[in-house]
Amino acid sequence: MKKIPYGRQSISDGDRAAVDGVLQSDWLTQGPKVDEFEATLARAVGARYAVSVTSGTAALHIAALAAGIGPGKTVWTSPNTFVASAACAFYCGGEVDFVDVDPSDGNLSVEALRSKLEDADKAGRLPDVLIPVHYAGHSCDMAPIGELAAQYGVKVVEDACHAIGGTYRGEPVGNCRYSDMAIFSFHPVKNVTTGEGGAITTNSESLWRKLRLLRNHGITREEDLMETAPDGPWSYQQIDLGFNYRLTDIQAALGLSQLERLSTFVARRSEIAARYDRSLEALPVRPLRRRADTASAYHLYPVAIDERRCGTSRLDVYNALQDMGVGVQVHYIPVHTQPLFQRKGFRRGDFPQAEAFYRNTISLPVYPDLDDRQQSYVIECLGRALAP
Ligand SMILES: *Cc1c(COP(=O)(O)O)cnc(C)c1O
């Protein structure tokens, strides 16, 4: 049997036709499909604006810039995430610190945030931007996070790379009710793909304008934004230092077609997760806790392995599953333990909950095209791997 990966894209005939349609049109780079994709994405997540970019990392970069990160400014994020959630601060010349996680769901702990903000306030070292990460697709508890951020004057950028299609308190993740911006990734392993790609959603017109400038070199063709009189109708002016982070129409067409399937994708992921929930009850593993006010988008299905109860280690379980053709993964190596961050002064032991979470967690395969037979096989293999 072919190896079962932990996640993968689902590409339909409709997706292929959408891409082919663009290839037969006049526009390959950023054009009408990008506009349509942004409007559809904004509608899907209930935000006023969406700005597409070339990756989730690019989205984090320009969101951090638009939120004012630069030299002397600080981002706080979760250590239980992909490195980009933190590294975006360095791109802007800023600094990073972390808020430890709640071990029950791997999300940034509201209590840890509260006490760290109190300490930082006393020390006069409040952060400028907070980036909570909706780990595995399950939204952080955004209402209290948004309240704390407002109390201390901290901007909030949600890293929603895992969470498109999820809801919090009955509303879609990405609507920015409790944040300034939310960012998404459309890498093939995420819930919606454009190949490579990303986006930022916001309800702020000024942030929207800023983000559009930053993703296109800082160049404007709008006369009212120009700083001197235009030379002629061909004029454009670079009024800020931006980048080429433009998505192509080829990618946007794929993204549009994928967005049409978003609810089907999330429904299938939820079905797979529910079956894992039932099937793993008897095994020495613990799934993530989920709050009743939140519907996960189930980007990942991580379980904590109870090493004492099963008498085997995470490493052995990982290796046994790989040998049986089940491509499990580990999410995440805590960011502050990475060499780059160690050089910045972080130490092992700085964020003990994230480190403990990492030590015994493993992500089981979950993606829309995983069929029942394959999932049965994964469950059977996990049972065997846990009982050596
Ligand atoms: C995937 C991911 C990113 C980066 O997205 P890319 O599109 O790969 O650049 C950032 N944060 C999280 C939590 C992610 O899962």
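Residues numbered from 1 in each chain as written. Predicted model: local features only at pLDDT ≥ 70, side-chain atom pairs only at ≥ 80, totals over all residues. Heavy atoms only, no water.

Engineer: Sorry if this is basic, but what is going on with the overall build of the chain here?
Structural biologist: Of regular secondary structure, the chain possesses 14 helices and 15 strands. Projected onto the principal axes, the alpha-carbon positions of the chain cover approximately 75 × 60 × 40 Å. Here the chain holds 388 residues, and 55% of them are scored as buried. A separation of at least 24 residues holds for 73% of the contacts in the chain among residues at least 6 apart in sequence. Summed over its atoms, the accessible surface of the chain is roughly 16,700 Å², and 49% of this surface lies on carbon and sulfur atoms. Looking at the chain, you have 41 positive and 47 negative side-chain charges, and the mean spots of the two groups are 4 Å apart. (Helix = DSSP H or I, 4+ residues; strand = E, 2+ residues; numbered from the N terminus. Buried < 20%, exposed > 50% of the residue type's maximum accessible area, 1.4 Å probe, protein only. Contact = heavy atoms within 4.5 Å. Areas by Shrake-Rupley, 256 points an atom, 1.4 Å probe, with all protein chains shown as cover. Lys, Arg positive; Asp, Glu negative; His and termini not counted. Charge placed at Lys NZ, Arg CZ, Asp CG, Glu CD.)

Engineer: What am I meant to see in the sheet that holds strand β4 (residues 129-131) here?
Structural biologist: Paired through their backbone hydrogen bonds, the strands of a sheet run either parallel or antiparallel. Across the sheet, which stays open at both edges, the 7 strands sit in the order β1-β9-β8-β5-β4-β2-β3 with mixed pairing between neighbours. The open sheet has two free edges, formed respectively by β1 (49-53) and β3 (95-98), since each of these has just one partner strand. Averaged over all pairs of adjacent strands, the angle between strand axes in this sheet comes to 20°, irrespective of strand direction. Together, β1, β8 (181-185) and β9 (198-202) form the strand contacts of helix α2 (residues 32-45), whose direction differs from that of β1 by roughly 130°. Each of β2 (74-77), β3, β4 and β5 (155-159) touches helix α4 (residues 84-91); the most contacted strand, β3, lies at about 155° to it. (Pairing = 2+ DSSP bridges. Axes fitted to C-alpha atoms, helices over the stretch in contact; angles between N-to-C directions.)

Engineer: Got a minute to help me understand the site of the ligand in this structure?
Structural biologist: Lining the immediate surroundings of the ligand are 15 residues, of which Gly56, Thr57, Asp159, Ser185 and Lys190 lie closest. Contact distances for the ligand include 2.8 Å between a nitrogen atom and a side-chain N or O atom of aspartate 159. Between the ligand and lysine 190 there is a distance of 3.0 Å, counted from an oxygen atom to a side-chain nitrogen or oxygen. Isolated, the ligand exposes 380 Å² of accessible area, and the fraction of that covered by the protein chains is 92%. Residue contributions to the shell around the ligand peak at 3 residues, all from helix α3 (residues 56-66). When the residues that make up the shell around the ligand are grouped by side-chain class, the tally is 5 nonpolar, 8 polar and 2 charged. (Near = heavy atom within 4 Å. Polar contact = N/O pair within 3.5 Å; in protein donor to acceptor, adjacent residues only side chain to side chain. Nonpolar A, V, L, I, M, F, W, Y, C, P; charged D, E, K, R; others polar.)

Engineer: What am I meant to see in helix α9 (residues 262-279) here?
Structural biologist: What sets the pattern is the α-helix's 3.6 residues per turn: residues three or four places apart point alike. With 18 residues, α9 should cover 26 Å at 1.5 Å per step; its first-to-last C-alpha distance of 26 Å lies within 8% of that length. For α9, the full list of buried residues reads Leu262, Phe265, Val266, Arg268, Arg269, Ile272, Ala273 and Tyr276. All buried residues of α9 fall inside an arc of 160° around its axis, so they share one side. With respect to the buried face of α9, the exposed residues turned more than 90 degrees away are Ser263, Thr264, Glu271 and Arg278. (Expected span 1.5 Å × (residues − 1). Arc of directions from axis to C-beta.)

Engineer: Quick question: what am I supposed to make of the pairing of β8 here?
Structural biologist: Side-chain direction in a regular strand flips from residue to residue, so the side chains alternate between the two faces of the sheet. Of all 5 residues in β8, 5 are buried, a share of seventy percent or more. Burial of β8 is two-sided: the residues Met181, Ile183 and Ser185 facing one way and the residues Ala182 and Phe184 facing the other way are all buried. The pairing of β5 with β8 spans 3 bridges and is classified as parallel. Note that in β8 the partner of valine 157 across the bridge is methionine 181.

Engineer: Where do I start with the nonpolar core in this structure?
Structural biologist: For soluble globular proteins, nonpolar side chains are generally found buried alongside one another. Grouped together as the largest cluster of nonpolar side chains are 39 residues, with contacts concentrated most on Phe98, Met181, Ile183 and Ile200. With 7 residues, α3 is the single largest residue contributor to this core. Contact partners of isoleucine 200, with chain neighbours within four places excluded, come to Tyr49, Ala50, Val51, Val53, Ala59, Ile62, Met181, Ala182, Ile183 and Leu211. (Core = buried A, V, L, I, M, F, W, Y, C linked by side-chain atoms within 4.5 Å.)

Engineer: Honestly, the pattern of salt bridges in this entry has me stumped. Any pointers?
Structural biologist: Side chains bearing opposite charge may pair, as long as their charged atoms lie close to each other. According to the stated counting rule, one finds 18 salt bridges in the structure shown. Taking the shortest distance from any N to any O, the salt bridge between aspartate 240 and lysine 210 comes out at 2.9 Å. Within this pair, whereas aspartate 240 is found in the loop between β11 (237-238) and α8 (249-260), its partner lysine 210 is found in helix α7 (residues 205-214), the two being separated by 30 residues in sequence. A relative accessible area of 25% places aspartate 240 in the partly exposed class. For lysine 210, a relative accessible area of 31% corresponds to the partly exposed category. Glutamate 380 is the salt-bridge partner of arginine 384, the closest N and O atoms lying 2.7 Å from each other. Taken as a pair, arginine 384 and glutamate 380 lie in helix α14 (residues 372-386) at a separation of 4 residues, close to a single helical turn. (Salt bridge = Lys/Arg side-chain N within 4 Å of Asp/Glu carboxyl O.)

Engineer: What am I meant to see in the packing of α9 against α14 here?
Structural biologist: Angle between the axes and distance between the axes are the two parameters that describe a pair of packed helices. Running from N to C, α9 and α14 point in directions that differ by 35°, and their axes come no closer than 11 Å. Handedness of the crossing formed by α9 with α14: right-handed. Residue-level inspection shows Arg268, Ile272, Arg275, Tyr276 and Ser279 of α9 in contact with α14, the latter providing Asp372, Gln375, Ser376, Val378 and Ile379. Residue composition of the contact of α9 with α14, by class: 4 nonpolar, 3 polar and 3 charged. (Left-handed = near helix turned anticlockwise from the far one by under 90°.)

Engineer: Is there a simple way to explain the environment of proline 71 in this structure?
Structural biologist: In this structure, proline 71 sits in the loop between α3 and β2. Proline 71 sits in the exposed class, given a relative accessible area of 71%. Among residues more than four places away in sequence, those in contact with proline 71 are Cys92, Gly93 and Gly94.

Engineer: Explain the side chain of serine 78 to me, please; I cannot follow it from the model alone.
Structural biologist: Summarising the element assignment, serine 78 is placed in the loop between β2 and α4. Since its relative accessible area comes to 1%, serine 78 is described here as buried. Of the polar contacts made by the side chain of serine 78, one reaches the backbone nitrogen of asparagine 80; its length is 3.0 Å. Beyond its immediate sequence surroundings of up to four residues, serine 78 is in contact with Phe98, Val99, Val101, Leu108, Ile131 and Val133.

Read these as layout, nothing more, since geometry by itself doesn't imply function.
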